[in-house]
Amino acid sequence: MISKYLYLNEMSLNRSINLFSFLLMRLTGIALSVFLFLHIWTIGQIQKGNDSFNQAMSAYNNLFGWVLEYLLLLAVIYHMFNGLRLIAADFFNLTERQKGLLWIAIVIIALIASASLFVFFPIIPRNI
Amino acid sequence: MKVSSQAFNWLMQRITALIIAAGLIVHFVVLHFLIERPVTIHKVAERLNSFGWVLFDSILLLAVVYHALYGCYNIVNDFRPSERVKGFMVVLLWVLGLTAAIVGIANLLPFTKQM
């Protein structure tokens, strides 16, 4: 029964940053797939009229909406840069340098995440 | 036949990833950095008045739908499902994918008629 759950086996046998990045890639992938359908549904409010669309968009223009959008950004940039790392490893024969590439991806993600705080949270003064 | 189909999907997953990476950067910059919040119908319609932007959004949508659903299929496959579950997943993902693509593109059209 347990052997069916490869993640759990791997987790207990081989705890490493590579496995953690693999799991996070899967988790962000599922979250972003769910968001895709939510996004299509939200944009679909246009079918009910202009006011419905504006209302749906305004519903996210508060602290709760900003937090959700920022979490979305974090999921997107992690999935994107970790994915680009995997593509680079696949196509440019960089499998042996995967760990180094992962750290480069983490630094880029941290930089974008920090800089984006000022864009996603208008209450933070930009001249700190 | 099965192997070549898997190889095709593997390659498509990488190609759509690159399209999405480039497209999402543009999407985020335009909708989060350049447009002042809240996003309104007029701000979106102004952009979608151009055929180029409608084409851009449509290509991005199709790439995202393919990438997301094939990714979900891969995740399910990690758990070694039976052939029956796999078959069910293929049908379910095709239905979800076609619905998302059709509804998503249909959602773009009302914006083009605003200006």
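Residues numbered from 1 in each chain as written. Chains lettered and ligands numbered in written order. Predicted model: local features only at pLDDT ≥ 70, side-chain atom pairs only at ≥ 80, totals over all residues.

## Some details on the interface of chain B and chain A
So the rule is basically this: Working definition of a contact: two residues with C-beta atoms, positioned from the backbone, lying within 7 Å. Strands are runs of DSSP state E lasting at least 2 residues, helices are runs of H or I lasting at least 4, and numbering of each runs from the N terminus. Gly is placed with the polar residues, together with every amino acid not listed as nonpolar (Ala, Val, Leu, Ile, Met, Phe, Trp, Tyr, Cys and Pro) or charged (Asp, Glu, Lys and Arg).
Each partner contributes to the interface: chain B provides 25 residues, whereas chain A provides 28 residues. Among the elements of the structure, helix H1 (2–34), helix H3 (51–78) and helix H4 (83–112) of chain B are those that each provide at least two residues to the side of chain B that touches chain A. A class-by-class count of the residues in the side of chain B that touches chain A yields 16 nonpolar, 5 polar and 4 charged.

## Details of the nonpolar core
What counts is decided by this rule: We define a nonpolar core as a collection of buried residues of the types Ala, Val, Leu, Ile, Met, Phe, Trp, Tyr and Cys that are connected via C-beta atoms lying within 7 Å of each other. We call a residue exposed when 12 or fewer other C-beta atoms sit within 10 Å of its C-beta, buried when the count reaches 20 or more, and partly exposed for counts in between; the C-beta positions come from the backbone.
Residues Ile-77 and Phe-81 of chain A together with Val-64, Val-65 and Ala-68 of chain B are the most contacted members of the largest nonpolar core, which totals 24 residues. Among the secondary structure elements, those contributing two or more residues to this core are helix H2 (17–43), helix H3 (50–58) and helix H4 (63–91) of chain A together with helix H2 (41–48), H3 and H4 of chain B. Among the elements that take part in this core, H3 of chain B stands out by supplying 7 residues, more than any other.

## So, the packing of H3 of chain B against H4 of chain B
All names here are of chain B. To keep it simple, the criterion reads: Axis definition: a line fitted to C-alpha atoms, limited for helices to the stretch in contact. Angles are taken between N-to-C directions and run from 0 to 180 degrees. Relative orientations are named as follows: roughly parallel for angles under 35 degrees, roughly antiparallel for angles over 145 degrees, roughly perpendicular for angles from 65 to 115 degrees, and oblique for any other angle. The crossing is said to be left-handed when, going from far helix to near helix, the turn is anticlockwise and less than a right angle, and right-handed when the turn is clockwise.
Where H3 meets H4, the axes come as close as 10 Å, and the angle between the chain directions of the two elements is 160°. By the angle between their directions, the pair H3 and H4 is classed as roughly antiparallel. In this structure, the crossing between H3 and H4 has a hand that is right-handed. Residue-level contacts link Val-54, Asp-57, Ser-58, Leu-61, Leu-62, Val-65, Leu-69, Cys-72, Tyr-73 and Val-76 of H3 to Met-89, Leu-93, Leu-96, Gly-97, Ala-100, Ala-101, Gly-104, Ile-105, Leu-108 and Thr-112 of H4. Across the contact of H3 with H4, the residue classes tally to 15 nonpolar, 4 polar and 1 charged.

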